[in-house]
Amino acid sequence: MAVIEDKQNMIELLTGVKSSKQSYYMELKKTIRQLEKKNMKLEIINDVMKSFNIHMTMDEMLGNVLEKLKHIITFDRLSLSLFENNELILSNVYPQDLMPVRSLPKKNSLYWQSINRKQPIYYSFSTKEQQLSIVEEDMLRSLNIESVLLIPLISKEAVIGVISFESKRQISYETQDLSFLQQLADQLAVCIDNAKLYNAVLQGKKEWEETFRAVLDMIIFVDMEDTIIRFNDAVPRFFQMDGKELNGQKISRILFQDQDGEEWKSYKMKQPAYCQMSVKNKRICEIYTYPVSNEKDEMYGVIFYMKDVTEKVHTEAQLIHSGKLAAIGEMAAGVAHELNSPLTAILGNSQLLMRQFEKGTSSHQLLQDIKNCGDRCKNIIRNLLTFSRQDQFVLQDSSVNYAVEQVLSLVGYQIERENIRIVSRLKDDLPLVEGSVQQIEQVVINFLLNAKDALTEVDRQEKKIEIETNVKVVDDEEWVYLSVTDNGVGIKEKDVTAIFNPFFTTKESIKGNGLGLSVSLGIAKMHGGKIEVTSVEGKGSCFTLLLPKGEMYG
């Protein structure tokens, strides 16, 4: 058999058949390698298309394709330089390592030459005829780079950067390889450009969304079926609802409890509209509506811009009310001054006449009634003057205990005649306060007379007024306080917030004019103090005047 095989080999050598077979297999092997390389190139291009998205970093994107690229293209280092604000910035390097420079200068730059020519440039440091003075030389030599292939990144006929294939030896690129790398660079440029545009759009969208959320007033977008599609953070906060709960709700249900008023639907005339209304949670809102149309001028939704103006409306009402009160105050002050002179004569003459009649006679009683009514008028005038701030007083060291004792000496007997027991607990070493003792007396009188009136309205076996003075700490600050507590009729809960309003009274018209507590509150504020009230209807009330303790007594 060996002899036969030798003969066969000898015949093939002589006839050239063997050499043809070897040549055929070599060509076949070469073709297979080229096909594999071509397939690899297509696979790389495909990977570039698939892998470039906004959620990946540029390093991740390059990493996806470069491992495969190394199988068909020889290089040791790859860098990507992109334009940023008219500068060429070295943005990415693979494998990742230190970047010696960031900004590549334009003068004598190999990178810039490739960009300006819009053509690939191959440069080798060892080729004598290419010994140019380039600014990148120090950087590349420090990395032991011997040759570099630069390919401009072109998208939409504009150069957006350059990609650099760097090697530690000279590389001879085939024409087909250069063509492939240019295609790869073009594809990279398109992907990078698209990613930039997408990120710009995304950033713009994010900025608008943040602006939308940052607006403190409410913004709601509804479709033509009045269904809430979108809203900013102020909306769930205002309606105290969860955002998921709001989505898909009808705007009428959220705002107006399904009321069918046409006023708020005026926007359906395709015109901006405005109204001020009370909404679901009893708040008052200014509502602006703006139709939203597409490029064909077809309306497809409405923007509701809502502003909570409850406080503003209330403030405006209070200002109007205050204006009226100011006018009444001025008028009252003028009337009070005019009445003082004849009232003085009435009181003086009634007292003179009372001396001429015996006590217990009808004439003396009539004169006593005249004097009592005169005193009452005098108190009313004093309240009116205090309310209109026409009274002048001087702040000085004042004793709250002294004010209480003075008032009790004046009205104590009058109160006790109504079978009301007065219990006083005055602190012995009570600090002085800076203020007017006459003004403080006025507050004490108002508290005591209110307590007396409250007790005359109840049928109780023991009627009692407790007066207490002391010091207490509120919000880390020491206050001198005076409290007057009664077990009278008490105040209805709905009236508690109104009792300090001028001319508000629950008493009979003959007993009260509604100025006592408003005057007291004004005095307290002028002294830097405040008044606290606790009351239970049917059980009694407690009024407390708090005044800041004088600093020199701290």
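Residues numbered from 1 in each chain as written. Predicted model: local features only at pLDDT ≥ 70, side-chain atom pairs only at ≥ 80, totals over all residues. Heavy atoms only, no water.

- The name that an unreviewed UniProt entry assigns to the protein chain is histidine kinase, with the source organism given as Anaerobacillus isosaccharinicus.

1. Describing the overall build of the protein chain
Piece 1. Along its length, the protein chain carries 15 helices and 18 strands.
Piece 2. Within the protein chain, the fraction of its 554 residues that count as buried is 40%.
Piece 3. Expressed as a percentage of contacts within the protein chain between residues at least 6 apart in sequence, the contacts between residues at least 24 apart total 59%.
Piece 4. Only carbon and sulfur atoms are counted for the fraction: they give 51% of the accessible area of the protein chain, which is about 33100 Å². (Helix = DSSP H or I, 4+ residues; strand = E, 2+ residues; numbered from the N terminus. Buried < 20%, exposed > 50% of the residue type's maximum accessible area, 1.4 Å probe, protein only. Contact = heavy atoms within 4.5 Å. Areas by Shrake-Rupley, 256 points an atom, 1.4 Å probe, with all protein chains shown as cover.)

2. Considerations on the packing of aromatic side chains
Piece 1. All told, the structure shown has 8 aromatic pairs when counted by the stated rule.
Piece 2. Relative to Trp112, the ring of Phe83 has its centre 5.4 Å away and its plane inclined at 55°; by these criteria the two rings are tilted. Here Phe83, found in strand S1 (residues 77-84), pairs with Trp112, found in helix H4 (residues 110-117); they are 29 residues apart in sequence, far enough to count as distant.
Piece 3. Overall, Phe83 belongs to the partly exposed group, its relative accessible area being 23%.
Piece 4. Ring plane angle 40° and centroid distance 5.6 Å describe the contact between Phe447 and Phe543, whose orientation is recorded as tilted. Highlighted residues: Phe447 in helix H13 (residues 437-456) and Phe543 in strand S18 (residues 540-548), separated in sequence by 96 residues.
Piece 5. Judged by its relative accessible area of 2%, Phe447 is buried.
Piece 6. The ring of Tyr481 carries the charged tip of Lys472 above its face, separated from the ring centre by 5.4 Å.
Piece 7. For Lys530, the ring lying beneath its charged end belongs to Trp479, and the centroid distance is 4.9 Å. (Phe/Tyr/Trp six-rings, centres within 6.5 Å; stacked < 30°, edge-to-face > 60°. Lys NZ or Arg CZ within 6 Å of the ring centre and 35° of its normal.)

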